[in-house]
Amino acid sequence: MNSIFVICEIDEGKVADVSLELMTKGRSLANELKCKLEALVLGHNLKGVEKELFPFGADVVHVGDDARLDPYTTLPHTSVIVELFQKEQPQIALLGATTLGRDLGPRVSSALQSGLTADCTSLVIGDHEDKKAKKEYKDLLYQIRPAFGGNIVATIINPDCRPQMATVREGVMKKEVYDAAFKGKVNKLDIDKMLKPEDLVVKVIERHMEKSKVNIKNSSIIVAGGYGVGSKENFAQLEELAHVLGGEVGASRAAVDAGYASHERQIGQTGVTVRPKLYIACGISGQIQHTAGMEESSMIIAINNDPNAPINKIADYVITGDLGAIVPKLIKFYKKNTK
């Protein structure tokens, strides 16, 4: 058991960003453990997919290219992965905490009796001493995730079963090319031999996917509001400011819970993680549940009537005062000076 596997998703013909984020993290973990990083891609018309994955440090890319694997259905994907994992015996397996990953991860882990930690926000290699059993475990995967609505952070380990499996939230890991010239090996899977008739009992007749109109994760400018904004109507000013700047509107969990903004705009441990060039935090106190999802923004401007708000400690610039007076002035200025 000396490899790390990343189960990659295909999104509109390309490897999904969350999978490349996991490849980046997987490469770092593999270097630390001195083992191989292997990628697994299942679908159809996957010619050349290895060219997307090699720069992220994939030592081996396992490709299962078959029309029966597209569109995604649970049973055939599970069957192929379980058979491959039983053969390759990876010590760690990672998936994105997406709709597909949340369906596939539990199926695979249940079949392998390996356990699974869902919605992780951090992965770290560490040791563990079981004093009761008088046993010490080396190089375990510390699977870190928010729990109880983000009020605590739990660290979970799986000392006895393999692979150590985790789904990881989109955006919490950086996507970075390891080596543009890196070249690994390609292993083409024989899907005919891996699929059984009972894996193909479900057939997709029609598929309809509606893309969200909100694109917070990829926005370079975000104007985010918290409970301090005061009302849904006051959020309209933030929307206007975001529109003038060419950005998106985000929200804290408190603002979403209060009905000021929709859940798809929620940023933080129980929402999305963002890294924009500019993050304007309006009426946000700055609790760890929120800052964990935006603290790596290139520039943070905090607007708050509380000079001691925790958000001010991580902000590059702080404007102390009433939002109702400050935001309209910003809108007026940027309308006049932004082309």
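Further up the page is the structure itself.
The text that follows walks through the structure, step by step, so that each part is easy to find. (Residues numbered from 1 in each chain as written. Predicted model: local features only at pLDDT ≥ 70, side-chain atom pairs only at ≥ 80, totals over all residues. Heavy atoms only, no water.)

### Notes on the packing of helix 3 (residues 74-88) against helix 4 (residues 99-112)
Then step 1. Viewed as axis vectors pointing N to C, helix 3 and helix 4 meet at an angle of 45°, and their least axial separation amounts to 9 Å. With respect to their mutual orientation, helix 3 and helix 4 come out oblique. Crossing handedness for the pair helix 3 and helix 4: right-handed. Facing T74, L75, H77, T78, I81, V82, F85 and Q86 of helix 3, the residues of helix 4 in contact are D103, L104, R107, V108, A111 and L112.
Then step 2. Each residue belonging to the contact of helix 3 with helix 4 can be placed in one class, and the counts come to eight nonpolar, four polar and two charged. (Axes fitted to C-alpha atoms, helices over the stretch in contact; angles between N-to-C directions. Helix = DSSP H or I, 4+ residues; strand = E, 2+ residues; numbered from the N terminus. Parallel < 35°, antiparallel > 145°, perpendicular 65-115°, else oblique. Left-handed = near helix turned anticlockwise from the far one by under 90°. Contact = heavy atoms within 4.5 Å. Nonpolar A, V, L, I, M, F, W, Y, C, P; charged D, E, K, R; others polar.)

### Focus on the pairing of strand 9 (residues 135-147)
Then step 1. In the sheet, strand 8 (residues 122-130) pairs with strand 9 via eight bridges, with the strands oriented antiparallel. Directly across from L123, in strand 9, lies its bridge partner Q143.
Then step 2. In this antiparallel pair of consecutive strands, strand 8 and strand 9, the connection spans four residues, and K134 shows a positive phi of 55°.
Then step 3. Judged from the five bridges that link them, strand 9 and strand 10 (residues 152-156) form a sheet pairing that is antiparallel. (Pairing = 2+ DSSP bridges.)

### Focus on the packing of aromatic side chains
Then step 1. Inspection of every chain in the model, using the stated rule, returns five aromatic pairs.
Then step 2. The interplanar angle of 65° and the centroid separation of 5.1 Å between the aromatic rings of F5 and F85 together place this pair among those described as edge-to-face. Taken together, the residues F5 in strand 1 (residues 3-8) and F85 in helix 3 connect sequence positions 80 residues apart.
Then step 3. Note on F5: relative accessible area 0%, which makes it buried.
Then step 4. Take F85: its relative accessible area is 2%, and that puts it in the buried class.
Then step 5. Taken together, a centroid distance of 6.3 Å and an interplanar angle of 50° make the contact between F235 and Y260 tilted. Taken as a pair, F235 in helix 6 (residues 232-245) and Y260 in the loop between helix 7 (253-257) and strand 15 (278-282) lie far apart in primary sequence, 25 residues in all.
Then step 6. For Y260, a relative accessible area of 12% corresponds to the buried category.
Then step 7. Directly above the ring of Y178 sits R27, whose terminal nitrogen or CZ lies 5.4 Å from the centroid. (Phe/Tyr/Trp six-rings, centres within 6.5 Å; stacked < 30°, edge-to-face > 60°. Buried < 20%, exposed > 50% of the residue type's maximum accessible area, 1.4 Å probe, protein only. Lys NZ or Arg CZ within 6 Å of the ring centre and 35° of its normal.)

### A few points about the nonpolar core
Then step 1. The biggest cluster of nonpolar side chains holds 32 residues, and the ones touching the most others in it are I4, C8, M23, L53, V61 and L123.
Then step 2. For this core, the elements supplying multiple residues, two or more each, are strand 1, helix 1 (17-33), strand 4 (36-43), helix 2 (49-53), strand 5 (60-65), strand 6 (92-96), strand 8 and strand 11 (164-168).
Then step 3. Residue contributions to this core peak at six residues, all from helix 1.
Then step 4. Dropping the residues within four chain positions of it, L123 is found in contact with K25, L29, L94, L141, Y142, Q143, A166, V168 and M173.
Then step 5. If you look at the next biggest cluster of nonpolar residues, it comprises 25 residues, including F235, L245, L278 and C282. (Core = buried A, V, L, I, M, F, W, Y, C linked by side-chain atoms within 4.5 Å.)

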